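Spelled out from the first residue to the last, the chains are:
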Amino acid sequence: MYYIKAEPEISDFEFDKLLEELISLETKHPELATPDSPTQRVGGRPVSEFKPFEHVIRMQSLENTYARGELEEFDKMARGLVEADSLDYFVEPKIDGLAFSLHYTDGLLVAAATRGNGEVGDEITANVRTIRTIPLRIPTDAHYFEARGEIYMPKAGFLKLTEAQIERGDEPFKNPRNAAAGSIKLLDPAMTAKRPLDALLYGAGIIDGIPDPPTHAALTEMLRGFGLPVQPRTWFCHGMAEVMDAIDELEKMRHDFPFEMDGAVIKVNNRSLYKKLGSTAKAPRWARAYKYAPEQAETVIEAITVQVGRTGVLTPVAELRTVRLAGSDISRATLHNEDEIRRKDIRIGDHVMIEKAGEVIPAVIAVLPGKRTGSEIEFAMPSACPVCGEPTVRNADEVAIRCTNFLCPAQLVARVQHFASRDALDIEGLGERVAAALVDQNLISNPMDLFGIPEILLATLNLEPSGSYGGINDNTGTSLFQGEPVESVSGRVLGESNAKTIMEAISRGKNLPLGRWIYAIGIPGIGAKNARDLAGLHKDFEDFTKSDIIADAKRLYDLMEEADANNPNTQRVRALDIAARVECADRYARLSEEIKALGSRMAANGTAKSVKGSALKYTADVKPEACRAIHKFFNSDYGRDFLARMRELGLNPVGGGRKSASAPTGSFFDGKTVVITGTFHDGLDRNAAAELITNAGGKVVDSVSKNTDYLIVGDNPGASKTNKAAQLGTKTMDEAEMRQNLALPPASTQSSLLL
Ligand code: IVH
């Protein structure tokens, strides 16, 4: 098979090492730091919205065609317009990504923008700088050079990202295109930097100061010569017959590209004809897109198995007769839930058509009823959990069926995985396989047990699966998204170095801020963002567990709900007999008084707002479902045990608590603007420190100015920041002082103030 792969010259690890060296070199010799230094890729500051970017030359789109005949028409039209018997074309993959432009002045990358509506896009320079394949400087004599192309998320990166999202219980991106768009539009470049984005350039906008390349082939070579990433494979074609051959060839290899592609783009090669060919309102007449139909395959459902997730949700999975689809062997597909099975009338033994949703995740799209023999078996969700055997329930307002046994091993595995996931304690190396082995071998019965695991036990942990806990992955270590290994861990035992990495990460976890912990404990329905917001409202973990804010909000919502049910002006109540109506009216009056009293008290301390136009309606900072879930959690045995375990370990992660009535105000950082430079100890990374400071009411910005109150200086600080602080006389603070002001324990090794 012809395989097209983006082969980086060095590994990410090597890159990071070199970058670290460079940062330290530039710190010592700031005069060597240039605007195109790789160190400039990181460190763009978060923004509240993107600035508009006006395209001097409109960024157009392409007209799509789906039939070969339409391409013949296109050729006829183009030849007619330029009065030629035959035209040369360029055929290249149509990448399913996000159109963007790169702007270089005198060779230096100065801006990047999305297409937007073609005339005005979003300025996304800081985010684009984080894409390592995009050069920050290009070797050109052009005063201005605008390259155009596509930002995309490589298929491999997309799989990893969505697996992590599912593990965390987040809604996964539907396809690589959405993932790329969502990632490049993050307001914090540091977040974008963590997303596996890449780009390809296939066009140009403004070219000033050098001759325009006469052909598309020459333009592609020019882009390549500038070190810009270009298409891995293109076809030069004399006339339409060759174009047809090229799209045939391209279609055969469509799944071999590292990016998702949904067709071919056919471009007239001679650029000097473009003006004459002109364009329609939307698209130029010198190019056409040819879209391939999404691929489907027929197979048979041999069995339907059931997986159990973190919150006990049972997910039916179709075990398929293995079939090749879109470049990989498919043997499983999610069936989502029982309703979906009913809706599509899916039975065991059915012939079905499958498709990769967004070309990556397999899904059953239809049953072929004509192929039924009568021996197909209808599937019913089990009334007992397939892993622990305890009864399952379906709540009235849910499609999901759940295992009710909180101690179910499948749920425990998923809880441990969640606890270790990136937005939680970020314990790299602790994925499903390791979690399942720990649970299977009775080494842990609660994620908090991780803090007591001896390293030697981890190093000798037997990874050979003895059974499946029915997570997203099966016990062969292949995921539902087939073809990708789940974890890098391979072999029979975990081994010393993996164990060490995990132990270090576990220990770092103790230092993480409250938001990460609230997420990690895995309260159903509390996502990472929710958790951060909650952390901002509470001083520390103890404060959170006894939160007045949450208790008040819960009470307020309960009262409002009860008032609604007793409202004498509703049809439901009006239909009751007179005695019942009087009772409702009485009750409603009492509830109204209580709502007003509690609501106005909460409004006064800033934890609730009254809804305009309604004296009896309030919205609290914490949403009703969240209040109820948190309340339930800390009133459960598991929640109480969790709290006790935190206390035993002396853990009380720090949050914000600015708005909390119960939390003391006057945190050191309240209202202060700070800049952070250098690194800290004991696994406290800069982001975590920034989060803690923000939670404490401070503002963390990226560069030192006269408005900066403090420069916090860790090890290996950046010279530009420390120099600027010295110039402006900005106060500095070392790690020890910062820890003290954040009520964090001192670091085990002390940082020194390198000024
Ligand atoms: S050329 C005037 N070449 O597909 C627009 N576009 O569906 C010239 N696309 O808007 C675009 N791969 O965002 C071109 N090799 C390729 C492409 C490509 C993907 C995108 C582009 C375009 C969209 C149309």
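In short, a report on the structure. Computed from a predicted structure; not experimentally measured. (Residues numbered from 1 in each chain as written. Predicted model: local features only at pLDDT ≥ 70, side-chain atom pairs only at ≥ 80, totals over all residues. Heavy atoms only, no water.)

### Details of the state of the cysteines
Heads up, the condition is: For the purposes of this analysis, a disulfide is any pair of cysteine sulfur atoms at a distance within 2.5 Å.
Under the definition given, this model contains zero disulfides. Take Cys403: it sits in no disulfide, and the sulfur closest to it among the cysteines is that of Cys388, at 3.7 Å.

### With respect to the site of the ligand
Definition in use: When we say a residue is near a molecule or strand, we mean one of its heavy atoms is within 4 Å of it. By the criterion applied in these results, polar contacts are pairs of N or O atoms within 3.5 Å in which, for protein atoms, one can donate a hydrogen and the other can accept it, and in which residues neighboring in sequence qualify only through two side-chain atoms. Accessible surface area values rest on a Shrake-Rupley calculation with a 1.4 Å probe, where residue burial reflects the displayed protein chains alone. Lining residues are those with an atom within 4 Å of a point, where the points come from a 1 Å grid over the protein atoms alone and group into cavities, where a 1.4 Å probe fits but cannot get out, or pockets, open sets with protein on both sides within 12 Å along at least five of seven lines. Those molecules having more than half of their atoms within 2 Å of a cavity or pocket grid point set are described as sitting in that cavity or pocket. Elements are defined by DSSP. Helices are runs of H or I of four residues or more, strands are runs of E of two residues or more, and each kind is numbered from the N terminus.
Looking at the ligand, there are 15 residues lining it, with Glu92, Lys94, Arg115, Glu150 and Lys267 nearest. In this structure, an oxygen atom belonging to the ligand sits 2.8 Å away from a side-chain N or O atom of Lys94. Summarising the interface, the protein chains cover 89% of the accessible area of the ligand, which totals 520 Å² for the free molecule. Because more than half of its atoms lie within 2 Å of the grid, the ligand is assigned to the second largest pocket. Among the elements of the structure, β3 (88–95) and β10 (261–268) are those that each provide at least two residues to the shell around the ligand. When residues of the shell around the ligand are assigned to their parent elements, the largest contribution, four residues, is made by β3.

### A closer look at the layout of surface pockets
How we decide: Grid points are joined across faces, edges and corners, and a volume is the space filled by probe spheres set on the points. Nonpolar residues are Ala, Val, Leu, Ile, Met, Phe, Trp, Tyr, Cys and Pro. Charged residues are Asp, Glu, Lys and Arg, and all others, Gly as well, are polar.
Of the pockets and cavities examined, the second largest pocket occupies roughly 1200 Å³. Lining the second largest pocket are 46 residues, with Gln60, Ser61, Arg148, Pro284 and Trp286 sitting closest to its centre. Among the secondary structure elements, those contributing two or more residues to the lining of the second largest pocket are β3, β4 (98–105), β7 (144–152), β8 (198–208), α7 (216–225), β10, α9 (274–277) and β11 (287–291). Of the residues forming the lining of the second largest pocket, the biggest block, five residues, is contributed by β8. Its residues assigned to classes, the lining of the second largest pocket comprises 19 nonpolar, twelve polar and 15 charged.

### A short note on the sheet that holds strand β2 (residues 64–65)
Rule in force here: Two strands make a pair as long as DSSP finds a minimum of two bridges between them. Note on contacts: a residue pair is in contact if any heavy atoms of the two residues lie within 4.5 Å. Think of each axis as a best-fit line through the C-alpha atoms, taken over the contacting stretch in the case of a helix, with angles from 0 to 180 degrees between the N-to-C directions.
What the five strands build is an open sheet, ordered β2-β11-β10-β3-β9; its pairing is mixed. The sheet terminates laterally at β2 and β9 (235–238), the two strands that pair on one side only. In this structure, β10 lies alongside β11, joined through five bridges in antiparallel fashion. Directly across from Val265, in β11, lies its bridge partner Ala289. Running over the sheet, helix α2 (residues 68–82) touches β2, β3, β10 and β11 and is turned about 175° from β11. Against the sheet, α7 contacts β3 and β10, and its axis sits at roughly 50° relative to β3.

### With respect to the packing of aromatic side chains
The criterion, for reference: Note on aromatic contacts: the rings of Phe and Tyr and the six-membered ring of Trp form a pair at centre separations within 6.5 Å, being stacked when their planes are under 30 degrees apart, edge-to-face when over 60 apart, and tilted otherwise. Remark: a charge is flagged as sitting over a ring if the NZ atom of Lys or the CZ atom of Arg is within 6 Å of the ring centre and within 35 degrees of the ring normal.
In the structure shown here, the tally under the stated rule is 21 aromatic pairs. Each member of the aromatic cluster is reached from another via a ring pair, and the members are Phe406, Phe419, Phe451, Trp517, Phe541, Phe544, Phe633, Phe634, Tyr638 and Phe642. A cation over an aromatic ring shows up here: Arg233 above the ring of Trp235, its NZ or CZ 4.4 Å from the ring centre. Its guanidinium or amino end placed over the ring of Phe406, Arg415 lies 3.9 Å from that ring's centre, counting from NZ or CZ.

### Description of the side chain of Lys155
With respect to the element layout, Lys155 can be found in helix α4 (residues 155–168). In contact with Lys155, other than residues within four places in its own chain, are Arg254, His255, Phe257, Pro258, Phe259 and Glu260.

### Brief notes about the pairing of β8
Put simply, the rule reads: The rule is simple: take the accessible area with a 1.4 Å probe, protein chains only, and divide by the maximum for that residue type; under 20% is buried, over 50% is exposed, in between is partly exposed.
For β8, the tally of buried residues reaches nine of eleven residues, placing the bulk of the element in the interior. Of the strand pairs in this sheet, β7 and β8 are connected by eight bridges, and their pairing is antiparallel. If you follow Ile151 over to β8, its bridge partner there is Ala199.

### Observations concerning unusual backbone geometry
A positive phi angle, close to 65°, is found at His336, a residue other than glycine. Among the secondary structure elements, His336 is positioned in the loop between β14 (328–334) and α10 (338–344). Look at His336 and you get partly exposed, because its relative accessible area is 41%. Even without glycine at this site, Asn442 takes up a positive phi of about 55°. Here Asn442 shows up in the loop between α12 (432–440) and α13 (455–459).

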